[in-house]
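A structural walkthrough
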Amino acid sequence: MARPGSGVLVSVNGLGYPPQNLARVVVWEWLNEHGRWRPYSAAVCHHIENVLKGDARGTVVLGQVDAQLAPYVIDLQSMHQFRQDTGTMRPVHRNFYEPSSAPGKGVVWEWENDAGSWTAYDMEICVTIQNAYEKQHPWLDLSSLGFCYLVDFNCMAQTNRQSQRKRRLRRRMDLAYPLIMGSIPKSQSWPVGASSGQPCSCQQCILVNSTRAASNAILASQRRKLYGGASGASGAPGTLAVVRQSNTFAGTSLWAPSSGAGSNNNNISVGGGHAKPEQVPLPLSMANFPCSPALPSLPHAHAHSHAHTINGQNNLNRPGTQRISMGSARGAIPPGVPALPVKNLTGSGAVHPALAGMTGILMCAAGLPVCLTRAPKPILHPPPINKSDMKPVPGVNGICRKTKKKHLRRGKNPEEVVRRYTEKIKVVPDEDCTICMERLVMSSGYEGVLQHKGIKPELVGKLGKCAHMYHLLCLVAMYNNGNKDGSLQCPTCKAIYGEKTGTQPPGKMEYHVIPHCLPGYPEATTIRIVYDIPAGIQTTEHPSPGKKFSARGFPRHCYLPDNDKGRKVLKLLIRAWDRRLIFTIGTSSTTGESDTVVWNEIHHKTEFGSNLTGHGYPDPKYLDNVLTELSAQGVGEDNLKD
């Protein structure tokens with residue numbers, strides 16, 4: 001991330017690329033449902049690296065180093081994290097940083113959530129904050145990273161620039177992340193195993209990944225061209241300095257071109273005025289924030305004519321000031337300059353958003369001017385509707401469902417549940433039990449830890465439908481670590497035995513038809529679903545029994561087209577609600593708040609008249625995708641026959 005002042009680049013090996021035998025700090029991260037990579041702790045990363053050295057295709061049991069991660073394992077072959085009690089799978093990858101960066105020093109930056117506990121920032125943001133802190137800047141503006149926050153180091157607070165709400169932040173020392181030497185392997189962000197197939201196929205993820213890959217390739221080509229003639233153009237040979245913040249794309253290093261002293265730099269706004277010439281990290285971390293507007297850096301020959309400054313600083317990478325400066329200068333744009341949308345995921349404009357972004361990069365690389373238009377605002381809700389205009393959904397009984405505090409099908413004997421869905425086998429194959437990772441011909445890894453009178457540690461069973469085999473004691477341990485609702489889920493293929501239920505707190509679900517059309521469905525009216533869950537006290541099935549949980553953003557409004565497939569999805573969502581699978585209590589991936597009500601792996605469309613956030617319409621694959629997600633939770637179309 002760039003800093004104020006004139007940054008310079010120093011050539012390495014005469015090419016501007018560092019040798020591949022340098023030391024790098026390794027940070028393992030997992031991908032949340034909002035497309036953001038969240039880091040594991042340093043202790044967990046050391047544990048993963050140790051397992052990786054022994055078996056690059058093995059399995060990492062995270063509970064061995066962090067008790068809070070007891071349900072989770074990582075499959076190194078498919079690069080996925082698997083939660084054993086819910087069957088949830090998430091991609092993981094290795095990220096690399098300089099040894100002098102925050103993870104290399106063991107520095108962790110955290111902010112205080114509503115519950116009074118501390119939540120760590122994403123690693124890219126942590127590195128950025130630490131860089132500004134070390135340079136003794138009094139404040140740091142995170143706008144160009146897609147966050148409307150101002151970090152004040154004097155009072156150690158984070159301020160929301162829209163709501164003016166302040167939160168405390170802190171800097172603490174922890175274990176340094178593991179250090180490796182040698183060449184950096186290619187990052188593996190999506191699974192390659194046969195268990196899950198392709199990554200998420202929703203419109204937002206496809207746009208993010210295709211645009212990110214193409215943009216990085218184009219920028220790498222642009223940098224090679226710039227470095228080839230940079231010394232002659234700047235008049236100061238050998239003044240290129242390499243600063244590499246992170247690497248997650250195919251093992252390729254990414255740097256920002258910067259000219260010598262006196263040039264304008266497209267920087268994030270940081271307090272402290274003009275700093276001395278110093279190494280500047282790459283302002284390309286916004287590639288990890290697909291919904292943030294991005295302005296490619298212009299070549300040096302055009303930097304002076306197209307830079308917009310506020311208070312003596314270049315602010316083109318700040319979304320808010322960028323829109324202000326572009327709006328004020330719109331009248332001065334020469335005729336014929338193309339206007340490309342900054343932030344439009346709907347695909348409904350004249351220029352496809354992914355094509356617009358790549359075209360802008362290519363035009364800037366060629367020295368052509370590009371005008372970035374104002375980002376449109378999302379349309380979250382329909383026009384006001386009279387209560388008399390709300391109609392019942394055809395073919396669906398009632399207009400409301402409620403869940404109460406009573407447990408659903410509790411008290412099942414673990415031994416009875418396991419025996420109900422397994423068959424004894426006479427000849428035990430010499431292969432691994434994927435729960436305890438011991439050989440099936442040996443005793444279960446839970447011998448001595450878990451005891452059941454009727455199940456011996458050496459007994460092996462085969463699941464009825466999928467025929468996968470495990471120690472019976474391991475299946476009992478997995479059941480005890482889950483919801484104990486009388487159902488089992490195969491940890492290998494995710495097949496569900498019995499009726500799976502969740503831990504959703506009490507609440508209300510309403511649904512009705514409104515007389516408005518969704519984008520992409522002009523012939524159909526709209527089904528509106530309203531979820532309402534109040535705050536309350538966690539029970540024994542939740543992460544922190546006896547502790548209060550919050551419920552932010554309720555009531556939540558969601559939308560489906562009122563056609564045959566939309567009604568089918570609604571009926572299955574009602575089944576999922578009755579089984580308490582729509583929501584759960586956990587940590588919010590958007591705010592970092594713990595002990596709060598969050599979505600539970602079943603995507604909903606919460607944007608009515610647009611698709612700027614990826615949670616709206618048009619999205620022609622959404623209904624099929626959500627049917628697949630419901631099926632993965634054990635709520636398939638066969639449930640409609642009941």
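In what follows, the accompanying structure is described. (Residues numbered from 1 in each chain as written. Predicted model: local features only at pLDDT ≥ 70, side-chain atom pairs only at ≥ 80, totals over all residues. Heavy atoms only, no water.)

**Overview of the sheet that holds strand β22 (residues 460–463)**
In spatial order, the strands read β21-β22-β23; together these three strands make up an open sheet with antiparallel pairing. Strands with a single pairing partner mark the edges of an open sheet, and in this sheet they are β21 (422–424) and β23 (469–471). Sheet twist, expressed as the average angle between the axes of neighbouring strands with direction ignored, equals 40°. Packing against the sheet, helix α8 (residues 414–421) makes contact with β21 and β22, and its axis sits at approximately 75° to β21. Across the sheet, helix α9 (residues 472–480) is in contact with β21, β22 and β23; its angle to β23 comes to roughly 80°. (Pairing = 2+ DSSP bridges. Helix = DSSP H or I, 4+ residues; strand = E, 2+ residues; numbered from the N terminus. Axes fitted to C-alpha atoms, helices over the stretch in contact; angles between N-to-C directions. Contact = heavy atoms within 4.5 Å.)

**Overview of the packing of aromatic side chains**
Evaluated as defined, the whole model comprises 13 aromatic pairs. Ring centres of Tyr531 and Trp599 lie 6.0 Å apart, and the angle between their planes is 80°; on these two criteria the pair is classed as edge-to-face. With Tyr531 in strand β27 (residues 526–532) and Trp599 in strand β32 (residues 596–599), this pair connects stretches of sequence that are 68 residues apart. On the basis of relative accessibility, which here comes to 0%, the residue Tyr531 falls in the buried class. Grouping aromatic residues by their ring pairs yields a cluster made of Tyr531, Phe554, Trp577, Phe583 and Trp599. Sitting above the plane of the Phe82 ring, Lys494 keeps its charged end 4.2 Å from the centroid. Over the ring of Phe554 we find Arg556; its NZ or CZ atom is 4.3 Å from the centre of that ring. (Phe/Tyr/Trp six-rings, centres within 6.5 Å; stacked < 30°, edge-to-face > 60°. Buried < 20%, exposed > 50% of the residue type's maximum accessible area, 1.4 Å probe, protein only. Lys NZ or Arg CZ within 6 Å of the ring centre and 35° of its normal.)

**Overview of the environment of Glu541**
Mapping Glu541 onto the fold places it in the loop between β28 (536–537) and β29 (548–549). Glu541 sits in the buried class, given a relative accessible area of 18%. A polar contact is formed between the side chain of Glu541 and the side chain of Arg580, at a distance of 2.5 Å. (Polar contact = N/O pair within 3.5 Å; in protein donor to acceptor, adjacent residues only side chain to side chain.)

**Overview of the pairing of strand β26 (residues 507–514)**
By the criterion of burial, β26 is predominantly enclosed, with six of the eight residues buried. Pairing of strand β20 (residues 400–403) with β26 involves four bridges; the strand directions are antiparallel. Residue pairing across strands places Lys402 opposite Lys508, the latter belonging to β26. Pairing geometry for β26 and β27, over seven bridges, is antiparallel. Across the sheet, residue Lys508 finds its bridge partner in β27, namely Asp532.

**Notes on the pattern of salt bridges**
For the structure shown, the criterion picks out 29 salt bridges. When the shortest N-O distance is used, the salt bridge between Asp564 and Arg567 registers 3.2 Å. With Asp564 and Arg567 both in helix α10 (residues 564–578) and three residues apart, the pair spans about one turn of that helix. Overall, Asp564 belongs to the exposed group, its relative accessible area being 63%. Linked by salt bridges that have partners in common, Asp114, Arg165, Arg167, Arg552 and Glu593 make up one network. (Salt bridge = Lys/Arg side-chain N within 4 Å of Asp/Glu carboxyl O.)

**Side note on the packing of α10 against helix α11 (residues 622–632)**
Closest axis-to-axis distance for the α10/α11 pair is 10 Å, and the angle between their directions is 25°. When the interaxial angle is binned, α10 and α11 end up roughly parallel. Relative to α11, α10 is oriented so that their crossing is left-handed. Residues Lys565, Gly566, Lys568, Val569, Leu572, Leu573 and Ala576 of α10 touch α11, and the partners they reach there are Leu623, Asp624, Val626, Leu627 and Leu630. (Parallel < 35°, antiparallel > 145°, perpendicular 65-115°, else oblique. Left-handed = near helix turned anticlockwise from the far one by under 90°.)

**Let's talk about the pairing of strand β13 (residues 166–173)**
Sheet topology note: the strand β8 (residues 107–112)/β13 ladder contains five bridges and is antiparallel. Looking at the pairing, Val108 lines up with Arg172 of β13. Relative to β13, strand β12 (residues 157–160) is paired through three bridges, and the arrangement is antiparallel. Considered in β13, the bridge of Gln158 is made with Arg167. Counted along the chain from β12 to the antiparallel partner β13, the turn is five residues long, and its residue Gln164 has a positive phi close to 65°.

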